[in-house]
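Here are the chains, one letter per residue:
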Amino acid sequence: MSDFQKNIFDHLKKKANIDAADVFDVANSVQNADFSDEKTVRRLVRQLAKIANKNVSKQKEDKIVEAITKQNMPLDMNTLGKFLK
């Protein structure tokens with residue numbers, strides 16, 4: 001891991017208490033993920049919420065899952081992050 005990468009992960013740990021291993025786990029889990037599969041998307045949403053230490057209500061989770069599986073939203077981390085706020 002480069003110094004730049006280490007600094008980013010150190011910053012994430014300090015500011016958001018997010019561990020580098022958690023980030024890699026999520027990244028690995030989405031590489032070949034089927035975003036049209038509700039179970040897969042629901043698992044990812046829960047995993048991201050847990051890492052971000054955010055409570056996501058069932059209603060909000062349902063909205064996120066529906067938006068992703070129905071392809072009503074772009075699949076980027078910024079958009080997903082807005083849903084989790």
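This text follows the structure it describes.
A short tour of the structure in this document, coming up. Model, not experiment: these values are computed from the prediction.

**Regarding the overall build of the protein**
On a plain count of helices and strands, the protein comes out with five helices and zero strands. Along its sequence from the N terminus, the protein presents helices and strands in the succession α-α-α-α-α. Within the protein, the proportion of its 85 residues that are buried is 27%. If you take every contact in the protein between residues at least 6 apart in sequence, the share linking residues at least 24 apart comes to 32%. Carbon and sulfur atoms form 49% of the exposed surface of the protein, whose accessible area is close to 6,500 Å².

**Some words on the packing of helix α3 (residues 38–51) against helix α4 (residues 58–69)**
The interhelical angle for the contact between α3 and α4, taken along N-to-C directions, is 130°, at an axis separation of 9 Å. Considering the angle they form, α3 stands oblique to α4. Crossing hand, α3 versus α4: right-handed. Packed against α3, whose contacting residues are E38, V41, R42, V45 and R46, the element α4 presents K58, E61, D62, I64, V65, I68 and T69 at the interface. Here the residues of the contact of α3 with α4 sort into five nonpolar, one polar and six charged.

**Quick notes on the pattern of salt bridges**
Considering all chains together, one arrives at five salt bridges under this definition. Between E61 and R46 there is a salt bridge, with the nearest N and O atoms lying 3.0 Å from each other. With E61 in helix α4 and R46 in helix α3, the pair connects residues that are 15 residues apart, well separated along the chain. By relative accessible area, which is 47% here, R46 ends up partly exposed. Across the salt bridge formed by K58 and D62, the nearest N and O atoms sit 2.9 Å from each other. Highlighted residues: K58 and D62, both in helix α4, separated by four residues, approximately one helical turn.

**Brief notes about the packing of helix α2 (residues 20–30) against α3**
Interaxial distance between α2 and α3 falls to 11 Å at its minimum, and their mutual angle equals 165°. What the angle tells us is that α2 and α3 run roughly antiparallel. In the crossing of α2 with α3, the sense of the turn from one axis to the other is left-handed. Seen from α2, the contacting residues are D22, D25, V26, S29 and V30; seen from α3, they are L44, Q47, L48 and I51.

Calculation notes
- Residues numbered from 1 in each chain as written.
- Predicted model: local features only at pLDDT ≥ 70, side-chain atom pairs only at ≥ 80, totals over all residues.
- Heavy atoms only, no water.
- Helix = DSSP H or I, 4+ residues; strand = E, 2+ residues; numbered from the N terminus.
- Buried < 20%, exposed > 50% of the residue type's maximum accessible area, 1.4 Å probe, protein only.
- Contact = heavy atoms within 4.5 Å.
- Areas by Shrake-Rupley, 256 points an atom, 1.4 Å probe, with all protein chains shown as cover.
- Axes fitted to C-alpha atoms, helices over the stretch in contact; angles between N-to-C directions.
- Parallel < 35°, antiparallel > 145°, perpendicular 65-115°, else oblique.
- Left-handed = near helix turned anticlockwise from the far one by under 90°.
- Nonpolar A, V, L, I, M, F, W, Y, C, P; charged D, E, K, R; others polar.
- Salt bridge = Lys/Arg side-chain N within 4 Å of Asp/Glu carboxyl O.

Purely geometric numbers; function is a separate question.
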